[in-house]
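Each chain is listed here by its residues.
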Amino acid sequence: MNTNAKRRVAVVLLPTQDTNERHTLLHAAAAVCLSHSCELDIISLRAATQSLAEQLPDLPIPSSWWDVRHEGLTELSAQGLAEVAAQALTSDAMAHKPPPRIVLLPPGPEGLEVVARLAWKFGGAALGQCNALGVDGAEVVAWRAAFGGRAILTLRTGQVQCFATLRAENQPTKGASGITPNLQTLVLTGALSLPSDVTPIAQSDPLPAVEGAAIVVSGGRGMQGDEGFGLLREIAECLGAALGGSLPTVDAGWVSVARQIGQSGKFVSPRIYLAVGLSGTPQHLAGISGTTRIVAINKDPDAAIFKVAAAGVVGDWRVVLPALLNRLRLGATASV
Amino acid sequence: MNILVLICGIADPKYPLPRDISVSALEGARAAHVLLSPFDEAALEIALKLRDTNPAVHITALVLARSAMDPLLRTVGSLRPDVTRGLDSNGLPAWDGLGMARVLADAVSQLEHAPDLLLLGRELGDYDDGTAPVAVAQALRMNYSKLIFSATLEGACVHGVRQNAAQQESIRLALPAVLSVTNDARNKLRHPLLKNVMEVKKIAFKVLNCLQTTSACVQLANVGAAVERPRSTVCQMVSGDTDAQVEMLAALLLEKASAQ
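Residues numbered from 1 in each chain as written. Chains lettered and ligands numbered in written order. Predicted model: local features only at pLDDT ≥ 70, side-chain atom pairs only at ≥ 80, totals over all residues.

**Student:** Which residues make up the overall build of chain B, and what values go with them?
**Tutor:** Looking only at helices and strands, chain B has seven helices and 13 strands in total. Overall, chain B is about 65 × 45 × 40 Å in size when its C-alpha atoms are taken along their principal axes. Out of the 260 residues belonging to chain B, those deemed buried represent 48%. Across chain B, every contact between residues at least 6 apart in sequence was considered, and the portion connecting residues at least 24 apart equals 71%. (Helix = DSSP H or I, 4+ residues; strand = E, 2+ residues; numbered from the N terminus. Buried ≥ 20, exposed ≤ 12 C-beta atoms within 10 Å, placed from the backbone. Contact = placed C-beta atoms within 7 Å.)

**Student:** Please provide a residue-by-residue account of the pairing of strand E13 (residues 272-276) of chain A, values included.
**Tutor:** Residues and elements named next belong to chain A. The buried fraction of E13 amounts to five of the five residues, a majority that puts the element mostly inside the structure. Both faces of E13 are covered, namely the face carrying Ile-272, Leu-274 and Val-276 and the face carrying Tyr-273 and Ala-275. Pairing of strand E11 (residues 215-219) with E13, which is carried by five bridges, proceeds in the parallel orientation. By the bridge assignment, Val-216 is partnered in E13 with Tyr-273. When E13 meets strand E14 (residues 293-298), the two strands line up parallel, connected through five bridges. The partner of Tyr-273 across the bridge, within E14, is Ile-294. (Pairing = 2+ DSSP bridges.)

**Student:** Explain the interface of chain A and chain B to me, and be specific about the residues and the numbers.
**Tutor:** Each partner contributes to the interface: chain A provides 73 residues, whereas chain B provides 68 residues. The greatest single-element share of the side of chain A that touches chain B, amounting to eight residues, is contributed by helix H4 (residues 109-122) of chain A. Where strand E10 (residues 197-201) of chain A lies against strand E9 (residues 167-174) of chain B, five bridges are found, and the strand directions are antiparallel. Its bridge partner lying in E9 of chain B, Ile-201 of chain A is registered against Gln-168 of chain B.

**Student:** If you had to explain helix H2 (residues 38-53) of chain B to someone new, which residues and values would you point to?
**Tutor:** Here H2 of chain B contains 16 residues, and its C-alpha end-to-end distance of 23 Å stays within 8% of the 22 Å for a straight helix at 1.5 Å per residue. When we look at burial in H2 of chain B, the residues that qualify are Pro-38, Phe-39, Asp-40, Glu-41, Ala-42, Ala-43, Leu-44, Glu-45, Ile-46, Ala-47 and Leu-50 of chain B. (Expected span 1.5 Å × (residues − 1).)

**Student:** Break down the sheet that holds strand E1 (residues 8-13) of chain A for me, citing the residues and quoting the values.
**Tutor:** Reading across the sheet, the ten strands line up as E9(A)-E3(A)-E2(A)-E1(A)-E4(A)-E8(A)-E5(A)-E6(A)-E7(A)-E12(B) and stay open at both edges, with mixed pairing between neighbours. Edge positions in the sheet fall to strand E9 (182-188) of chain A together with strand E12 (219-225) of chain B, since each of these pairs with one other strand and no more. On average, each strand axis in the sheet is inclined to that of its neighbour by 30 degrees, with strand direction left out of account. Relative to strand E8 (residues 162-166) of chain A, strand E5 (residues 125-136) of chain A is paired through five bridges, and the arrangement is parallel. Following the sheet pairing, Cys-130 of chain A is matched in E8 of chain A by Leu-166 of chain A. Contacts from helix H2 (residues 78-89) of chain A reach E1, strand E2 (39-46), strand E3 (63-70) and E9 of chain A, with the element oriented near 140 degrees to E2 of chain A. (Axes fitted to C-alpha atoms, helices over the stretch in contact; angles between N-to-C directions.)

**Student:** Lay out the confidence of the model for chain A in plain terms, naming residues and giving numbers.
**Tutor:** Per-residue confidence for chain A gives a mean pLDDT of 89, with 94% of residues at or over 70. Within the model, the stretch residues 1-6 of chain A combines pLDDT values under 50 with eleven contacts to residues more than four positions away or in other chains. (pLDDT = per-residue confidence, 0-100.)

**Student:** An account of the sheet that holds strand E12 (residues 242-245) of chain A is needed here, citing residue identities and associated values.
**Tutor:** Here six strands make up an open sheet; going across it, the order is E12(A)-E11(A)-E13(A)-E14(A)-E15(A)-E13(B) and the pairing parallel. Edge positions in the sheet fall to E12 of chain A together with strand E13 (236-237) of chain B, since each of these pairs with one other strand and no more. Relative to E13 of chain B, strand E15 (residues 311-314) of chain A runs parallel, the two being bridged by two bridges. The residue of E13 of chain B that forms the bridge with Ala-311 of chain A is Gln-236 of chain B. Strands E11, E12 and E13 of chain A of the sheet are contacted by helix H5 (residues 226-239) of chain A, whose axis makes an angle of about 175 degrees with E11 of chain A.

**Student:** Please give an account of the nonpolar core that cites residues and values.
**Tutor:** When a protein is soluble and globular, its nonpolar side chains tend to lie buried together. Membership of the largest hydrophobic core comes to 190 residues, with the highest contact counts inside it found for Ala-29 of chain A together with Val-5 and Ile-7 of chain B. Of the domains in this structure, domain 1 (3-188) and domain 2 (215-335) of chain A are the two that each give at least three residues to this core. Excluding its chain neighbours within four sequence positions, the residues that come into contact with Val-5 of chain B are Ala-43, Leu-44, Ala-47, Ile-59, Ala-61, Pro-81, Leu-119 and Leu-120 of chain B. (Core = buried A, V, L, I, M, F, W, Y, C linked by C-beta atoms within 7 Å. Domains from an automatic or database assignment.)

**Student:** Outline the packing of helix H9 (residues 317-330) of chain A against helix H7 (residues 242-258) of chain B, listing residues and values.
**Tutor:** Axes are the key here: two packed helices are described by the angle between their axes and the distance separating the axes. Where H9 of chain A contacts H7 of chain B, the axes come no closer than 9 Å and their chain directions differ by 55 degrees. In terms of orientation, H9 of chain A lies oblique with respect to H7 of chain B. H7 of chain B is crossed by H9 of chain A, and the crossing has right-handed handedness. On H7 of chain B, the residues touching Val-319, Val-320, Ala-323, Leu-324, Arg-327 and Leu-328 of chain A of H9 of chain A are Thr-242, Asp-243, Gln-245, Val-246, Glu-247, Leu-249, Ala-250, Leu-253 and Leu-254 of chain B. (Parallel < 35°, antiparallel > 145°, perpendicular 65-115°, else oblique. Left-handed = near helix turned anticlockwise from the far one by under 90°.)

**Student:** If you had to explain the environment of Leu-13 of chain A to someone new, which residues and values would you point to?
**Tutor:** Residues and elements named next belong to chain A. In this structure, Leu-13 sits in strand E1. Judged by the 25 C-beta atoms lying within 10 Å of it, Leu-13 is buried. Sequence-wise, Leu-13 and Ala-29 are 16 residues apart; in three dimensions their C-alpha atoms are separated by 12 Å. Apart from residues lying up to four places away in sequence, Leu-13 is in contact with Arg-22, Ile-42, Ile-43, Ser-44 and Leu-45.

**Student:** Just give me the short version of the environment of Val-83 of chain B, but keep the residues and values in it.
**Tutor:** Residues and elements named next belong to chain B. Along the chain, the position of Val-83 falls in strand E5 (residues 83-88). Given 17 C-beta atoms within 10 Å, Val-83 falls into the partly exposed group. Linking Val-83 and His-58, residues 25 residues apart in sequence, is a C-alpha distance of 8.3 Å.

Structure below.
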């Protein structure tokens, strides 16, 4: 094994990520590098038509920011992104360095698909959706949830290259001093697979996505039907918040799978998570950041959600939600 | 048209995990209370729907099973796929998506009917978080799409509806292809007929052996109970009548909303 290979970590940023998600992941990756004396390369992928609009974040360690463009990357599929990432990792510009020991991607289905495709291509290890990882001697160690978030696995591998998504919880400290990454441009021209035959289906959902939302209004099986979720949607609209739900509510068709929160769904880190009719199973809580303030409404005073909530109301949503909606419609001025 | 459905099953989440968690204890928990995951169910239902509309469709269900008596085999068999086979799950590296993909690709090569379409849940069992399905497609060199709600066959292509970020899309893939399926209210698994439930009790299911030479490149060093993450505050229960409770909730939410 090339022991030098232990000394680099690469982060692959996807063009579909928002700036907050990118910066959170980068700070988490920088923390891994700091703990294990690794160098950091940031591989930021963008489509042919996208411009480099973002300001590079200051990080606690020196790093290289590779602004990667590929003229053929018109469809932002995981397959295309994995192919461009693979070309970047093996490009002449990077070939003089040892291959990164750990390659990190953003959490979620897109990141996981890229992880699996890259690991397969490079004959490396796919560690999945990790909560934490590090280097221990010749091995990479990773921790990841299983059994619906009820168990934590400790994984070890001696593979030269490891690929994983990292669920980072801690937001970078605003105003903290740091070092701006060294920006380098990489234009790739290698062959890509033909894009898939994809047609968007028109939908009219004016609510923001759960990722990156400051407030998430979420419901569980206790909502018992579309009527309750209609109220949650109206409350979300009033607040400019995102609407979310647990897996059973997606199964029941009350909310879209794009809004599923939990171990099998999205991971969210809003400032406030309004949890209504949610019992607080580990599977669902696995999708909510530990830094989020949970405000729970549940008619069962012994519901597990109250053990993790910052504020709670014991009551029937049929009574509380209509009153809350009316109050929110009056707005902030009513309380003055 | 041969459709293969890969089924893994999960430990019923209604039952708590054993207090002293170990790999063998988790296997025991799964054996005692195994059921189809919502994603397994959705994959199986899509296959059955495709056969409903096209009698030429032949469904093979390959079920990861601890033995020929694994109840998951009977659950799947009662829904009458054309063939139900077990795949010996003992000792498989379920936590290693790529290792599992190699095992599954080998098992697929042992089947009588090479699949034109392979359907599986978006997570393959309790240990997987979504890397195994795409790795299976890589191992079998098949086209792949994820987060599929529904599928129809159109000649040499499969046409699916999928979730991509916040957007739903229609996608057409050339066969052979692998689709990883997500849960959807319009695709709930049908109930088996009672006569079929009774009939499968008499069936001795065939269980395939796994490739013995496969070694996981990721080792499971330890498994433990997830620890509830400490929160910085104790829950402040909002007392008073509904109006008082609502006033407090509204103040909290409006303050955060205005700070956006």
